[in-house]
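Chain by chain, the residues:
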Amino acid sequence: MTTPVALSPRRVVVLGAASAIAEATCRVLAAQGASFALLGRDAARLDAIAADLSARGAAKAVAVAKDLADARDAEAVLAACARDIGPIDTVMIFYGVLGDQAQAEADLAEAARLLQVNFTSAALWALAAAPHVEQAGARGVILAVSSVAGDRGRRSNFIYGAAKGGLALIMQGLAHKFGAKPGGPRAVALKLGFVDTPMTAHVKKGGPLWATPAGVAPVIARALERGGPMVYAPWFWRFVMLAIRVTPQAIFNRVNL
Amino acid sequence: MILPAPGPAESWGRVVRASSRRLAPQFRDEVARGLAAARDAGVSTLGVGLGRSYGDSGLNSDQAVIDARHLDRLISFDPDAGVLRAEAGASLGALAQVLAPRGFFLPTVPGTRFVTLGGAVANDVHGKNHERAGTFGANVRRIGLRRSDGVVEIAPGDDLFAATIGGLGLTGFIEWVEIGVTRIPSTLIDQETIPFDDLDAFFAIAAESKARFEHTVAWVDCTQGGKSIGRGVFTRGVWAPDGGFAPHTDRALPVPIEAPSFALNPLTLKAFNVAYDAAQRLKAGTARVHYTGHFWPLDSLFGWNKLYGPKGFYQYQCVLPWATGRDGVAEMLRRIARSGEGSFLAVLKTFGDRPSPGMLSFPMPGTTLALDFRNRGAATMKLLAALDDIVREAGGRLYPAKDGRMPAAMFRAGYPALDRFATFVDPAFSSDFWRRITA
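Residues numbered from 1 in each chain as written. Chains lettered and ligands numbered in written order. Predicted model: local features only at pLDDT ≥ 70, side-chain atom pairs only at ≥ 80, totals over all residues. Heavy atoms only, no water.

Undergrad: Help me out: how do you make sense of the overall build of chain A in this one?
TA: Across its full length, chain A holds 9 helices and 7 strands. Taken over the C-alpha trace, chain A has a radius of gyration of 18 Å; the compact-globule value for 257 residues is 18 Å, and the two agree within 12%. By principal-axis analysis of the C-alpha atoms, chain A measures approximately 55 × 45 × 35 Å. Residue burial in chain A is summarised as follows: out of 257 residues, 50% are buried. Here the contacts in chain A between residues at least 6 apart in sequence split such that 73% fall between residues at least 24 apart. With the model as given, the accessible surface of chain A reaches about 11900 Å², and the carbon-plus-sulfur share is 60%. (Helix = DSSP H or I, 4+ residues; strand = E, 2+ residues; numbered from the N terminus. Rg over C-alpha atoms; globule rule 2.2 N^0.38 Å. Buried < 20%, exposed > 50% of the residue type's maximum accessible area, 1.4 Å probe, protein only. Contact = heavy atoms within 4.5 Å. Areas by Shrake-Rupley, 256 points an atom, 1.4 Å probe, with all protein chains shown as cover.)

Here it is as structure tokens:
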């Protein structure tokens, strides 16, 4: 039996804070008294979320309007966040765009946009965040939302999948770098299955594979504290994706996924 | 914002199965665009929440609904003043989870926590502490209402506020609500369970409980006729003076499948009532329980409405004024016992005299009786019409949130402010109930 340790509240930068999953996760952390810098495009929406988190117990919540697909000023933005809420120990990357595979194959500009949003910019934010969480030591953590789509290239969504898979490799690499000496921070790629959010509003839902933002939020909050660099949520996706990864290509080719 | 294709919609009683074009905004700025999309498509709109209205007041068949459940953010909480403002889609259960650990609670809660703030206002819900707290609407301080011509902020004293409290969502889309919250000494309830043998005993216990117990309610065995009429169990409670501030958790046992239609029949109903009565009598006495078991016993059985089978059920809740209450309730119980129909959970409660600002608010000083009846078509309709006669004769009225069938004349007779209310209905809003009652 272990004694529960009282956690000191986190200082969190949330990239893509208006996403339904980000918001649900922040509510869990707000109840623990966390401080937040909330980044996203729409200032009014971020303000609404900041007010909510403050009323739920957040020590501080500031909204920072920023188009995250442009990461050229990532270092300066994160430094400003640290001035607002104090030394950052937690960075969560939630933003992303699902896009349309067929459209992206037909229009390379659209493919470039999907890769820029989901991979290139996210990777740069993660690299810019690394020195901050290293300062925080073992408390420090970078978490990025990847996807089960990144586990094997599939004809239905391999551009999005490649970007999310690449982001998972960045996180895995950071975890390896941080793990080189004891007492370092952590990096986590969160591989989400189907979650009922506006991003998937067009998809027909129902059945046991679908999770809710409030359902995956505690899993994400737990992944900030402990566990390996690859976290599947809900947990059963680890096994679903294992099966998908080991299926021989000859058989895989005949499956419409 | 594009209006989606029609999808299935049903209410809690599951008698009416409708189809609606459902918008589910994540942020308040989307509501105005949703309304515009409905207008462009030439259909009316109704704000909806967690779908716990039993009949047709929460349905807008073949037209648009704006599902508020993602608009569930707190806007501000001032513990010194005891004032909470939140978006209308926040459920009372979720708000209780935020308030309880800080030593606060909602001023009153209905028998389920799966009710949105907007739904609590639109139906002016009541709870076990009606005598002390009045209705939910009596504790509302301000409302942000999106009308088809813009947003208005309304407060007690405004006519539009009075129309919106209990206004069934017809005066506009409720975007946010500000309420006064109550300090509690703990999240536990000191609860007493007292069996009683007839209606006179019920009224005696109710009168005697007023001074000392904030929360009162009774269950009656509506399968009993003759001398045992009005036999039941009285439950009363007060917040315990200590015991900590643990909120409730969201664990519940789901009812995974719909019960077959023969599962509920006069025989099983009688057996259930006898067994429930015996179990409650065994519990007689005092216990310290968590608020969730005291306020929301049925919530631990998620989806209990499916127990009534594929044809669904009707809920019937009336209130009778003091003067006619005892005899009226007795007559209704006799009529129900004779029919062999009647419910698992017949609930009897007294209302206090704290007035609600709502024009169409259901509670009035007197006695309320709530029952559910499995849907057996014409036979059920006949029984409910007979009960209507008793309620009208007694000068009482029915609760629209529970209703799916009352004749327009019955509604009009119970709600004298109806014509005045109608002048505040936003032309862009409607519901199945409203079309039925004003047809």
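Having seen the model, we can carry on.
Undergrad: Before we go on, may I ask you to explain the layout of surface pockets in this structure?
TA: Sizing a probe to match a water molecule and rolling it over the atoms shows the empty space that remains. Residue and element names in this part refer to chain B. The volume enclosed by the second largest pocket comes to roughly 160 Å³. Around the second largest pocket, the lining comprises 13 residues; the ones closest to its centre are Leu35, Ala36, Arg39, Ser148 and Ala428. Looking at the lining of the second largest pocket, the elements that each hand over two or more residues are helix 1 (29-40) and strand 8 (140-147). Broken down by element, the lining of the second largest pocket gets its largest block of residues, 5 residues, from helix 1. Here the lining of the second largest pocket is built from residues that sort into 6 nonpolar, 3 polar and 4 charged. (1 Å grid on protein atoms, 1.4 Å probe; cavity = no way out; pocket = protein on both sides within 12 Å on 5 of 7 lines; lining within 4 Å. Points joined across faces, edges and corners; volume = space filled by probe spheres on them. Nonpolar A, V, L, I, M, F, W, Y, C, P; charged D, E, K, R; others polar.)

Undergrad: I'm lost on the sheet that holds strand 2 (residues 17-23) of chain B in this one. Help?
TA: Picture the strands of a sheet paired through backbone hydrogen bonds; they go either parallel or antiparallel. All names here are of chain B. Taken in spatial order, the 4 strands of this open sheet run 1-2-4-3, and their pairing is mixed. Lying at the two open borders of the sheet, with one neighbouring strand each, are strand 1 (7-10) and strand 3 (45-48). In this sheet, adjacent strand axes meet at a mean angle of 50° when their direction is disregarded. Direction of pairing for strand 2 relative to strand 4 (residues 64-67): parallel, over a ladder of 3 bridges. Along strand 4, the bridge assignment pairs Arg21 with Ala64. Each of strand 2, strand 3 and strand 4 is contacted by helix 1, which is oriented at about 170° to strand 4, the strand it contacts most. (Pairing = 2+ DSSP bridges. Axes fitted to C-alpha atoms, helices over the stretch in contact; angles between N-to-C directions.)

Undergrad: Can you walk me through the sheet that holds strand 2 (residues 35-40) of chain A in this structure?
TA: Residues and elements named next belong to chain A. Reading across from one edge, 3-2-1-4-5-6-7 is the order of the 7 strands in this open sheet, with parallel pairing throughout. Where the open sheet ends on each side, the last strands, each with one partner, are strand 3 (60-65) and strand 7 (230-233). Averaged over all neighbouring strand pairs, the angle between strand axes comes to 20°, with direction disregarded. Where helix 1 (residues 20-30) meets the sheet, it contacts strand 1 (11-15), strand 2, strand 4 (90-93) and strand 6 (186-192), and its direction lies at approximately 170° from that of strand 2.

Undergrad: Any chance you could explain the pattern of salt bridges here in plain terms?
TA: A side chain of one charge can pair with a side chain of the opposite charge when the charged atoms of the two come close. Residues and elements named next belong to chain A. Scanning the entire structure with this criterion turns up 43 salt bridges over all chains. The partner of Asp151 in a salt bridge is Lys191, with the nearest N and O atoms 2.4 Å apart. In this pair, Asp151 sits in the loop between strand 5 (141-147) and helix 6 (158-178) while Lys191 sits in strand 6, placing the two residues 40 residues apart along the sequence. Residue class for Asp151 comes out buried when judged on its relative accessible area of 13%. (Salt bridge = Lys/Arg side-chain N within 4 Å of Asp/Glu carboxyl O.)

Undergrad: In this structure, what is going on with the confidence of the model for chain B? I would like to understand it.
TA: Predicted coordinates in areas of low pLDDT are best not read in detail. Counting all residues, the mean pLDDT for chain B is 92, and 97% of those residues have values of 70 or more. For this predicted complex, the interface score ipTM comes out at 0.88, alongside a pTM of 0.91. (pLDDT = per-residue confidence, 0-100.)

Undergrad: Teacher, can you tell me more about the interface of chain B and chain A here?
TA: As a measure of interface size, the accessible area lost when the parts come together is often cited. With 13 residues of chain B at the interface, the matching set in chain A holds 13 residues. Of the roughly 1100 Å² buried between chain B and chain A, counting both surfaces, carbon and sulfur atoms make up 49%. Summed over the three residues of chain B that lose the most area to chain A, namely Phe27, Arg73 and Leu74 of chain B, the buried surface amounts to 47% of that side. Where chain B touches chain A, the interface holds 4 salt bridges. Put simply, chain B and chain A have 7 residue pairs in polar contact (both at pLDDT 80 or more) between them. (Buried area = accessible area lost by both parts, 1.4 Å probe. Polar contact = N/O pair within 3.5 Å; in protein donor to acceptor, adjacent residues only side chain to side chain.)

Undergrad: Quick question: what am I supposed to make of the packing of helix 1 of chain A against helix 2 (residues 43-55) of chain A here?
TA: All names here are of chain A. The contact between helix 1 and helix 2 brings their axes to 9 Å, and the two run at 30°. Regarding the angle of helix 1 to helix 2, the classification is roughly parallel. Between helix 1 and helix 2 lies a crossing whose hand is right-handed. Touching Glu23, Cys26, Arg27 and Ala30 of helix 1 are Ile49, Asp52 and Leu53, all from helix 2. Partitioned by chemical class, the residues of the contact of helix 1 with helix 2 number 4 nonpolar, no polar and 3 charged. (Parallel < 35°, antiparallel > 145°, perpendicular 65-115°, else oblique. Left-handed = near helix turned anticlockwise from the far one by under 90°.)

Undergrad: Even after reading the chapter, I still don't get empty space enclosed by the protein, so can you show me in this structure?
TA: Residues and elements named next belong to chain B. Scanning all chains against the criterion turns up 6 cavities of 30 Å³ or more. For the largest cavity, the calculated volume is near 60 Å³. If you go around the largest cavity, the residues you meet are Phe105, Leu106, Pro107, Thr108, Val109, Asn129, Thr182, Ile184, Glu214, His215, Trp239 and Phe295.

Undergrad: Please explain the packing of helix 1 of chain A against helix 7 (residues 213-225) of chain A as it appears in this structure.
TA: A pair of packed helices can be characterised by two numbers: the angle between their axes and the separation between those axes. Residue and element names in this part refer to chain A. As a packed pair, helix 1 and helix 7 sit with axes 8 Å apart at the nearest point and diverge in direction by 60°. Of the possible angle classes, the one that applies to helix 1 and helix 7 is oblique. Here helix 1 and helix 7 pass one another in a crossing that is right-handed. Only Pro213, Ala214, Val216, Ala217, Pro218, Ile220, Ala221 and Leu224 of helix 7 make contact with helix 1, whose side of the interface consists of Ala20, Ile21, Ala24, Thr25, Val28 and Leu29. Classifying every residue of the contact of helix 1 with helix 7 by side-chain character gives 13 nonpolar, 1 polar and no charged.

Undergrad: Explanation requested: the pairing of strand 2 of chain A in the structure shown.
TA: As a general feature of sheets, a regular strand has side chains that alternate between the two faces. All names here are of chain A. With respect to burial, strand 2 is a largely interior element, 6 of its 6 residues being buried. Here strand 2 shows two buried faces, one formed by Ser35, Ala37 and Leu39 and the other by Phe36, Leu38 and Gly40. Inspection of the sheet shows strand 1 paired to strand 2 by 5 bridges, in the parallel sense. Directly across from Val12, in strand 2, lies its bridge partner Phe36. Crossover connection from strand 1 via helix 1 to parallel strand 2: handedness right-handed. By the bridge criterion, 6 bridges tie strand 2 to strand 3 in an arrangement that is parallel. Residue pairing for strand 3: Gly40 is matched across the bridge by Ala65. With helix 2 bridging strand 2 and the parallel strand 3, this β-α-β connection has right-handed handedness. (Right-handed = clockwise from strand over helix to strand, strands pointing away.)

Undergrad: Got a minute to help me understand a nonpolar patch on the surface in this structure?
TA: A cluster of nonpolar side chains, contributed by Trp235, Phe239, Leu242 and Val246 of chain A, occupies part of the molecular surface with about 480 Å² of accessible area. Residue position: Leu242 of chain A is located in helix 8 (residues 237-246). (Patch = residues over 30% accessible without salt bridge, like charges linked within 9 Å, V, L, I, M, F, W, Y side chains within 5 Å.)

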